[in-house]
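Structural overview for review
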Amino acid sequence: MSNDAATGAQALDAPQQEPPAHGLGASLSPADARAKTEGTFPYAADLWAEGLLWAAILRSPHPHARIASVDTAAAAEMPGVRAVVTHEDVLGDSAYGRRVVDRPVFASDVVRHHGEAIAAVAADHPDTARLAAAAIAVEYEVLDPVTDPEKAFAAEPLHPDGNLIRHIPLRYGDPEITGEVVVEGLYRIGRQDPAPIGAEAGLAVPRPDGGVEIYTASTDPHTDRDLAAACFGLDPERVKVVVTGVPGATGDREDPGFQIPLGLLALRTGCPVKLAATREESFLGHAHRHPTLLRYRHHADAEGRLVKVEAQILLDAGAYADSSSESLAAAVAFACGPYVVPHAFIEGWAVRTNNPPSGHVRGEGAMQVCAAYEGQMDKLAAKLGIDPAELRMRNVLATGDILPTGQTVTCPAPVAELLGAVRDFPLPALPKDTPEAAWLLPGGPEGAGEPGAVRRGVGYALGMVHMLGAEGADEVSTATVKVHDGVATVICAAVETGQGFSTLARQIVQETLGIEEVHVASVDTDQPPAGPAAHGRHTWVSGGAVERAAKMVRTQLLQPLAHKFGMSTELLQITDGKITSYDGVLSTTVTEAMDGKELWATAQCRPHPTEPLDESGQGDAFVGLAFCAVRAVVDVDIELGSIRVVEMAVAQDVGRVLNPAQLATRIEAGITQGIGTALTENLRTNRGLVRRPDLTGYALPTSLDAPDIRIVKLVEERDVVAPFGAKPASAAPVVTSPAAVASAVRAATGRPVSRLPIRPQAAVAVPNA
């Protein structure tokens, strides 16, 4: 985001005060920013240990096959090979899963997806390990794969648990009611990969007590430890996961399918074992966003007010369940979007296929339905002859309204304010039709198009996401704050994945204790659990735990002074390292008040509980909601179908701005990821086989694809049940921006645009149509 965009956005609101130098509201830089930009940050792939062995994993070349035999003799006899392990060497549970235990560590009798692990090798050189893995002889009986999720219902069971993972029928209102105007649509969403900048890597080190330590970029270390321990046949206390070198995450950063073989090899050889996945292995091994098929029917009255929404949502879970149940719940619950819908009837299914596994990727479930219901809103607007923004404004959700799940929206829901902000923001200037401005054409400087074939389109989208876990998930985090010699230390197992928790933790302690130098300890499973880094959890739950612990230390610090001067601690304040009383009688520094003592406190934060959706899709399933509005401006060459996103204007419901620079970066990143979903990112398969699993075959948006991103409004209406009142920042723009781009392409071409990513042929139109 350009500087003028940032300052221009702020100018729309009230005059801005000078931000503080530290504490909440400051644009405090991440502690590891310099190391990452200079290339000195120690990522997991950089780990080393004395006597290190290297691991390689043999993966299936087939999406569906029966395993007749596995012969490891040739591999085991190769010079330098120290161990070969298969399903027969798994010491404990043979399968794992964060939500459903259904995924084998190594396939034993049947292969269910391309790239499934068959065996693993440890050797004294990485090339030797790979050659040994390739030398393992596997006899397959190739089976016909089930790759169409619609056919999975009638297909032979791919798993002992069957092909249907979950079915949610949502019933809300009168099924017989109809609207004066009805529009229908069929929408398809592709398979987006998290595409982490650093591929999976880790180091497993055996311990003298027969246990093992795993060093990896985990985003949920305690769950990973428990899953690994169960597969190793060990008590969790004998397995330690140390989080190291996380290069960022937009989903479950490290799949246990990489960690568990690593630990097995370390236990088997008694030596440290390292695994550094290739990019191809990364694409084949970890989970992706659920490809989704959506059928919609919207009913409205003559003025465009929604009467009823009917939808069928089918999620392709791939070979294993993973987080599909949770993703389906979000898709069904948010199938109508941030709109008032008096009657809703939604059917949702998640099914197993022989496609690559699907799982948690930022905005799961909510992103897919947003693309569909916003496509429906565009169809309604066209059929009624109403401006698309105006049609949306007539239906927006507000605080106090009821979701189709029956849950009342009790949190701030300024949807109308967000939509108004992006609608009223000035549109970008049209490009000049001159050779000097050729770079502005879709396709860039070398684009083959002609300026006369370019059409500009403006599109809108409104999106919503839930905060924290849902449907009864126990959300809890624990943090400890210690202060000694004027330095504070935060101990919390919340993993910094790029969402800014480590920076936020420092700001919370600075704000509460007036101590500028704050360190955040590295994370491992010797600390109490903090849960996964998803749905804005660590801002709310872990940040809340840090705040409570810091306030307890503050009380310990102030109580002796308050007692000495005969006043309560509430009458004392800490500002810029100084403690003062309301009447000015007391004035001292934090360092003087500490008097060499060490103070510490541990606290937990646990939000109010939720409940599962019932057999009719009803229930208070979500702790809170966050909303976003995006206006996309695109230029489309209607002869070639090439698309250039010119500008994305975004207004977001953030609750409270805790770090302005960090927040702007998160929104910008979310918008850019959404543009990839809309235009380029699709992990393609052919009958279950992944095509070109690399960063040339899988097209991520680059800096040249990123448009001007204008943050036109940040609504700071604090959620009273959230610590600091803040809401998650990055998932909402990821959910909303693909739908906005599709809406803009519809406006430019007059084509329906019902598939993401948008294919060039879908953007070709007759000029002046």
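Residues numbered from 1 in each chain as written. Predicted model: local features only at pLDDT ≥ 70, side-chain atom pairs only at ≥ 80, totals over all residues. Heavy atoms only, no water.

Looking now at the sheet that holds strand β9 (residues 164–172). In space, the six strands of this open sheet follow the order β9-β17-β16-β15-β10-β31, with mixed pairing throughout. Whereas interior strands pair on both sides, the edge strands pair on one side only; in this sheet they are β9 and β31 (755–756). Judged from the nine bridges that link them, strand β10 (residues 181–189) and strand β15 (residues 292–300) form a sheet pairing that is antiparallel. Considered in β15, the bridge of L186 is made with R295. Its contacts with the sheet place helix α8 (residues 324–333) against β9, β16 (306–316) and β17 (343–351), and it is angled at close to 20 degrees to β9. (Pairing = 2+ DSSP bridges. Helix = DSSP H or I, 4+ residues; strand = E, 2+ residues; numbered from the N terminus. Contact = heavy atoms within 4.5 Å. Axes fitted to C-alpha atoms, helices over the stretch in contact; angles between N-to-C directions.)

Right, let's get into the side chain of S358. The topology assignment puts S358 in the loop between β17 and α9 (366–384). The class for S358 is buried, based on a relative accessible area of 1%. Within the local environment of S358, its side chain forms a polar contact with the backbone oxygen of D316, the two atoms lying 2.8 Å apart. Those residues in contact with S358, other than ones at most four positions away along the chain, are A287, H288, R289, H290, P291, D316, A317, G318, Y320, A321, D322 and S324. (Buried < 20%, exposed > 50% of the residue type's maximum accessible area, 1.4 Å probe, protein only. Polar contact = N/O pair within 3.5 Å; in protein donor to acceptor, adjacent residues only side chain to side chain.)

The subject of this paragraph is the sheet that holds strand β25 (residues 599–605). Ordered in space as β21-β20-β19-β25, the four strands form an open sheet in which the pairing is mixed. Lying at the two open borders of the sheet, with one neighbouring strand each, are β21 (518–520) and β25. If you compare each strand with its neighbour and ignore which way they point, the axes differ by 20 degrees on average. Alignment of strand β20 (residues 487–492) against β21, held across three bridges, turns out to be parallel. Bridge assignment links V490 to a residue of β21, and that residue is V520. Here helix α12 (residues 501–513) sits on the sheet in contact with β19 (477–484), β20 and β21, set at roughly 145 degrees to β21. Docked against the sheet, helix α13 (residues 537–564) engages β19, β20 and β25, running at close to 145 degrees with respect to β25.

Let's shift gears to the state of the cysteines. The full count for this structure, using the stated rule, is zero disulfides. In this structure C336 is not part of a disulfide, and its nearest cysteine sulfur, from C370, lies 12 Å away. (Disulfide = S-S within 2.5 Å.)

With burial as the criterion, only one face of strand β23 (residues 578–581) is covered, namely that bearing I579 and S581; the residues K578 and T580 on the opposite face remain uncovered. Across four bridges, strand β22 (residues 572–575) lies against β23 in antiparallel orientation. Residue pairing in the sheet places Q573 in a bridge with T580 of β23. Between β22 and the antiparallel strand that follows it, β23, lie two residues; D576 among them carries a positive phi value of about 50 degrees. For β23 and strand β24 (residues 587–589), the ladder comprises three bridges, and the chain directions are antiparallel.

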